[in-house]
2 protein chains.
Amino acid sequence: MNAPIRLLVIGGVAAGASCAARARRLAEHAEIIMIERGPDVSFANCGLPYYVGGEIADRNALAVQTPASLKALLNLDVRTGCEALQIDRTTRQVEVKYLADGRHEWIRYDALMLAPGASPLRPALPGIADARIHTLRNLQDMDGIVAATAEGQRAVVIGAGFIGIEMAEQLRHKGLSVEMVELQTQIFPQLDAPMTALLESELRHHDIGITLGDGVARFEPQDGHLRCHLNSGKQLDADLVILSIGVKPDTELARAAGLELGPRGHIVVNEFMQTSDPAIYAAGDAVQTRDRVLDSPVNVPMGGPANRQGRAAADHLFMPATARPYPGSLGTAIVRGFEVAAGITGWSEKRLATAGKPYQSVTVNAEHHAGYYPGARPLTLKIIWAPDSGQLLGAQVTGFEGIDKRLDVLATAILGGMTIDDLCHLELAYAPPFGAAKDVINLAGFAACNRRDGLVRHTSALPADPQVQIVDVRPKPLAEAFPVPGTVINIPFPTLRASLDKLDRSRPVVTVCAFGKMSYFAARLLAQEGFDVTSFSGGMRGNIDPRSPGKLPAA
Amino acid sequence: MNAPIRLLVIGGVAAGASCAARARRLAEHAEIIMIERGPDVSFANCGLPYYVGGEIADRNALAVQTPASLKALLNLDVRTGCEALQIDRTTRQVEVKYLADGRHEWIRYDALMLAPGASPLRPALPGIADARIHTLRNLQDMDGIVAATAEGQRAVVIGAGFIGIEMAEQLRHKGLSVEMVELQTQIFPQLDAPMTALLESELRHHDIGITLGDGVARFEPQDGHLRCHLNSGKQLDADLVILSIGVKPDTELARAAGLELGPRGHIVVNEFMQTSDPAIYAAGDAVQTRDRVLDSPVNVPMGGPANRQGRAAADHLFMPATARPYPGSLGTAIVRGFEVAAGITGWSEKRLATAGKPYQSVTVNAEHHAGYYPGARPLTLKIIWAPDSGQLLGAQVTGFEGIDKRLDVLATAILGGMTIDDLCHLELAYAPPFGAAKDVINLAGFAACNRRDGLVRHTSALPADPQVQIVDVRPKPLAEAFPVPGTVINIPFPTLRASLDKLDRSRPVVTVCAFGKMSYFAARLLAQEGFDVTSFSGGMRGNIDPRSPGKLPAA
């Protein structure tokens, strides 16, 4: 049996609670103390936006466990309203303060788990202290936002990451008017900009105002509301503001204890989640682990990694001989905005470009299940791979249905070290309600291999050079209704073989269609007829909201 | 560029049409002739049942391409109503017969693709020639079935594989009464029996009669209907019969040409889909390829593999230097019956047992997305792995939502050679509408590793030995409402630590709960208190329809 040691866990949400629960399964007789500064433990923080909008009606559903339930189920000594003040690593003690009565206590530990999480950023802007400016981390923040909302009010959401997008949707559900402001020139900045076009269109379609490439400079109380002055000079009036511009790790305690921190203040851990002091573990939003694709340091402040990191730490503490390392984080993320979902796994094109890593990418469009079965809806998939090995580096998906499925398959493929050739031959579940004989993931593999094998050249931008002949191979009515910008020759694909004399063989050709499929067919045909030809990857559909296909996105 | 060779394709549905289409992209100037005995090419055969029930309302949606559209798009010479009679391999010619006028012709080829498909089995039983006995392979069969159906009629579906299940559902949608008969003692025989319980319950819930472990002996016309006499003596009266007991490869042409066939009559091909004559390729339901898990010969008569095999053959023919091998088939399959789906990828437990291969398995239950978000529905996942390496061999999933997603992830994991440890750390997409911080696939990995690491022993059957103490750790009301069969001690988990004196330490214990999770917690607790304890894997919920949890399945 394990020796009855004392594990002290600081932080009682995802990583901390997972660590404590796993520890109890492994060590029935260990003494496990979990302290939490807030009043709640093990609550569903990812669900908070959905309670604000009423999709989750029962607040108790979010409070997954209580100190009493954790005592009954896991024999944990849970102390809420208890703040850790300092760590004495030499004597292995933590000084805590009980917020209810101000009492101080030193708690001895044999092993310590730091799961402090991360706080929403709240930059020192003029007017930032106004009570109408909310961040969202816990149930109390959520309650504050709910109390501040009333139909017809004006909300400004600053930051269009996934929390900002979820909050914008939920505030619209409650009948508020919503304006979003994002410093970057796109929403959901983890994604490459073109993959956010559909989601942006969906948010606008639901009357959410979106200001991109602009940030807030200051807040000014004004006639009973709050005026947000943006860097551009634009002004937005708000009855409440949601500040969702990112988080910073809560690592002052670790820093003061002399534990090694990364360049952005995250706690550095080894593959068993041990900090630079092997008696102290850390897990969750506050730590820096390894990227699973390119093995660089990375912080992924998400619930899934936090839970599994906490569990991995308990494994190492209580079964060191058989514990497996935490393999690192991938950065899989998904967000829903009304009917549209968008997500990413692994590396984006822009992140690879910034890091100076070589990559290639293709974007394909297809329907989420067999087109002949009712209800098929379009989706767009972008995959990114290493040119030398063909190994997958990342993927992004957007559309209406089946987005999470493709992301999960591609996350698995990346973690399995799979290549674009492997994607061609994934044997996925196919019955008409569920898939297609060739899933969009197979199609992406085909397109990538075609490119690797020199069968086709892709471009993701229409040529500006007037020497280039742009050939739109869509049917004439579609080509006329939703024209490709610029000087374009419309040759519907079925007539292309008989129309080669309409094209100048001495000038390059770019082929364009709706989905990127017929343009590829046309490029193959023209290449074999001796033309210098490039296919417009992804098609017009990939750049256009399929519900209003005439409108090009702002990006 | 490629020399303008002549490719002759026999069979114009999935494999043949994919081969011809890919061939055209690679070889604009090749002569490509595709012959098809039936009147249709490239139709959506997987959609046929859904037209019978009216879910697919437009018959034209099933006719994906026509000879004219294939001429326009691909410059194919498509000849329907054209039957191949014999192959002269020496002179590379195929004798064909045009069914319309009886004319014969020898067609020369440089390369030949055989994509003949497979025919529904129609055993030589007494009465089998009756016109009321239907099989389903093509649009004409479908039209015949539609013509034979009318509300209130009695249908008997013989064979409860996926076509049988889909047809049973669709005939119920049309208002017929439906009886199913299956020779095996379970429906959907690819799966292990316990994983079919929910789907069987769903079919019965929709008033489909199911007779298991029985087959049809003879058919007898009777007072304007057809009486099906079963082996057991049971009689079922039918206005129409659907015979869906499997398929046999249409390989007489290949056999007569002296091509190598496998033990069950399938065409043997190499990794580039070449038959024993390298000028002749074969693909689709009629071929035998390699199993991707255990590298044994296998036939997977499904649309996905057929499409990709046809494409792989064209690659080898027209770009031999860069063509990648067809990596083999996995056998991923899914079926929907009303609200329930069930599926498999890789090997089942019973198939491994029959083959004498070592394996271990666990079954876990969870909800398809975060339980705190509305609409979470239960699903059950079984994974099977190699005990020595932990490598995944197969998986089965059943439930209401997200079944295809888990199957696809697990198919990908199997193809990536991933292990139970890898499943623990799959980083899947999580936002409340889409998943959970720990997906059921992570949970299955945890459970498998717990077993591998000796943390828990599982049993999939309740003990018959009265010496064993069965401890039901569910809350008392649940334990009383849906009792575990036999003599059972109910000790709700939160009270277990204080109730150890209710148990006899000298006798073994099996712990039972609803999902298999609390019983694992209890087993860990009791093991560390010195008990000889085993957890009932999968819980009562896994054996019981969650909509009528008091009813144990027949199996």
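What you see as residue numbers is a count from 1 along each chain, following the sequence as written. Whichever chain is written first becomes A and whichever ligand is written first becomes 1, with later ones labelled in order. Local features in a predicted model are, by the rule used here, given only for residues with pLDDT of at least 70; side-chain atom pairs are given and counted only at 80 or more, and totals for whole chains, interfaces and linings are based on all residues.

Caption draft 1: Structural detail: unusual backbone geometry. Residues and elements named next belong to chain A. At Ser 42, a position not held by glycine, the phi torsion is positive, near 50°. Put simply, DSSP H or I for four residues or longer makes a helix, DSSP E for two residues or longer makes a strand, and each gets a number counted from the N terminus. With respect to the helices and strands, Ser 42 occurs in the loop between strand E2 (31-36) and helix H2 (48-52). Phi at Asp 207 takes a positive value of approximately 65°, unusual for a residue other than glycine.

Caption draft 2: Fine view of the sheet that holds strand E6 (residues 104-108) of chain B. Residues and elements named next belong to chain B. Paired strands are those between which DSSP finds at least two bridges. Across the sheet, which stays open at both edges, the three strands sit in the order E4-E5-E6 with antiparallel pairing between neighbours. Unpaired on one side and paired on the other, strand E4 (82-88) and E6 mark the two borders of the sheet. Across this sheet, the average inter-strand angle for adjacent strands is 30°, counted without regard to direction. Summarising the sheet, strand E5 (residues 93-98) and E6 pair through five bridges and their orientation is antiparallel. Angular values range over 0 to 180 degrees, each being the angle between N-to-C directions of two axes fitted as lines to C-alpha atoms, with helices fitted over their stretch in contact.

Caption draft 3: Region of interest: the pairing of strand E16 (residues 240-243) of chain A. Residues and elements named next belong to chain A. Burial is judged by counting other C-beta atoms within 10 Å of a residue's own C-beta: 20 or more means buried, 12 or fewer means exposed, and anything between counts as partly exposed, with every C-beta placed from the backbone. Burial along E16 is two-sided: Leu 240 and Ile 242 and Val 241 and Leu 243, pointing in opposite directions, are all buried. Of the strand pairs in this sheet, strand E9 (residues 133-134) and E16 are connected by two bridges, and their pairing is parallel. Across the sheet, the residue bridging to His 134 is Ile 242, located in E16. Relative to E16, strand E10 (residues 154-158) runs parallel, the two being bridged by four bridges. Paired with Val 157 across the two strands is Ile 242, which belongs to E16.

Caption draft 4: Structural detail: the interface of chain A and chain B. Across the boundary between the two partners, chain A contributes 73 residues, which contact 74 residues of chain B. Elements supplying a minimum of two residues to the side of chain A that touches chain B: helix H1 (14-26), helix H3 (67-74), helix H8 (303-318), strand E22 (333-337), helix H10 (403-415), helix H11 (420-424) and helix H14 (518-528) of chain A. At nine residues, H10 of chain A tops the list of elements feeding residues into the side of chain A that touches chain B. The nonpolar class holds Ala, Val, Leu, Ile, Met, Phe, Trp, Tyr, Cys and Pro. Asp, Glu, Lys and Arg form the charged class, and all remaining residues, Gly among them, are polar. Grouping the amino acids of the side of chain A that touches chain B by side-chain chemistry returns 41 nonpolar, 15 polar and 17 charged. By the criterion used throughout, residues are in contact when their C-beta atoms, derived from the backbone, lie within 7 Å.

Caption draft 5: Region of interest: the domain arrangement of chain A. Domain assignment breaks chain A into domain 1 (6-119 + 248-318), domain 2 (133-245), domain 3 (339-452) and domain 4 (461-536). The domain limits used here are those given by an automatic or database domain assignment. Put simply, the middle of domain 3 of chain A and the middle of domain 4 of chain A, counted by C-alpha atoms, are 25 Å apart.

Caption draft 6: Representation of the sheet that holds strand E6 (residues 104-108) of chain A. Residue and element names in this part refer to chain A. Taken together, the three strands give an open sheet; going across it, the order is E4-E5-E6, and neighbouring strands pair in antiparallel fashion. The outermost strands of the open sheet, each flanked by one partner alone, are strand E4 (82-88) and E6. Taken pair by pair, the neighbouring strands of this sheet meet at an average axis angle of 30°, ignoring direction. Here six bridges tie E4 to strand E5 (residues 93-98), and the two strands are oriented antiparallel to one another. The residue bridging Asp 88 from the neighbouring strand is Gln 93, located in E5.

Caption draft 7: View of the environment of Ile 334 of chain B. Residue and element names in this part refer to chain B. With respect to the element layout, Ile 334 can be found in strand E22 (residues 333-337). Under the C-beta neighbour-count criterion, Ile 334 is labelled buried, with 24 such atoms within 10 Å. Spatially, the C-alpha atoms of Ile 334 and Ile 403 are 8.5 Å apart, while their sequence positions differ by 69 residues.

Caption draft 8: Quick look at the relation of the copies chain A and chain B. Superposing chain A onto chain B takes a rotation of 180° combined with a translation of 0.0 Å along the rotation axis, leaving an RMSD of 0.0 Å. As the rotation angle and translation indicate, the two copies are arranged about a two-fold axis. Most of the interface of chain A is mirrored in chain B, where 100% of its interface residues again form contacts. Copies overlap after least-squares fitting; the atoms used are the C-alpha atoms of residues with pLDDT of at least 70 in both.

Caption draft 9: Here's a closer look at the environment of Leu 381 of chain A. Residues and elements named next belong to chain A. Inspection of the secondary structure assignment puts Leu 381 in strand E25 (residues 378-385). Overall, the presence of 27 C-beta atoms within 10 Å leaves Leu 381 in the buried class. Distance from Leu 381 to Leu 443, taken between C-alpha atoms, is 9.5 Å for residues 62 residues apart in sequence. Residues within four places of Leu 381 in sequence aside, it is in contact with Val 364, Ala 395, Val 397, Arg 406, Val 440, Ile 441 and Ala 444.

Caption draft 10: Spatial organisation of H14 of chain A. The element H14 of chain A is extensively covered by neighbouring structure, given that ten of its eleven residues are classed as buried. One or two residues past the end of H14 of chain A sits Gly 530 of chain A, with phi positive at roughly 95°.

Caption draft 11: Representation of the environment of Ala 15 of chain B within the structure. Residue and element names in this part refer to chain B. Note that Ala 15 resides in helix H1 (residues 14-26). Sequence separation between Ala 15 and Ala 306 is 291 residues; the distance between their C-alpha atoms is 4.6 Å. In contact with Ala 15, other than residues within four places in its own chain, are Ala 115, Ala 283, Gly 284, Ala 306, Asn 307, Gln 309 and Gly 310.

Caption draft 12: Representation of the packing of H10 of chain A against helix H10 (residues 403-415) of chain B within the structure. Viewed as axis vectors pointing N to C, H10 of chain A and H10 of chain B meet at an angle of 15°, and their least axial separation amounts to 9 Å. Classified by the angle between their axes, H10 of chain A and H10 of chain B sit roughly parallel to one another. Relative to H10 of chain B, H10 of chain A is oriented so that their crossing is right-handed. Side by side, H10 of chain A and H10 of chain B meet where Asp 404, Lys 405, Asp 408, Val 409, Thr 412 and Ala 413 of chain A of the first sit next to Asp 404, Lys 405, Asp 408, Val 409, Thr 412 and Ala 413 of chain B of the second. A per-class count over the contact of H10 of chain A with H10 of chain B returns four nonpolar, two polar and six charged. If an angle is under 35 degrees, it is roughly parallel; if it is over 145, roughly antiparallel; if it lies from 65 to 115, roughly perpendicular; otherwise it is oblique. Working rule for handedness: look at the near helix, and if it is turned counterclockwise from the far one by less than a right angle, call the crossing left-handed; if clockwise, right-handed.

Caption draft 13: The arrangement of the pairing of strand E1 (residues 6-10) of chain A in detail. Residue and element names in this part refer to chain A. E1 sits mainly inside the fold: four of its five residues count as buried. Orienting the strands away from the viewer, one traces the path from the first strand over the helix to the second; a clockwise path indicates a right-handed crossover. Following the backbone out of E1, through H1 and into the adjacent parallel E2, one traces a crossover that is right-handed. Of the pairings in the sheet, the one linking E1 to strand E7 (residues 111-114) comprises four bridges and is parallel in character. When the bridges of E7 are listed, Val 9 appears paired with Met 113.

Caption draft 14: Inspection of helix H6 (residues 197-205) of chain A at higher detail. Residue and element names in this part refer to chain A. The buried count for H6 comes to seven of nine residues, which makes it a mostly enclosed element. The complete set of buried residues in H6 reads Ala 197, Leu 198, Leu 199, Glu 200, Ser 201, Glu 202 and Leu 203. For H6, the elements touching its buried residues are helix H5 (162-173), strand E12 (208-212), E22, strand E23 (340-346) and strand E26 (392-399). One or two positions beyond H6, positive phi appears at Asp 207, with a value near 65°.

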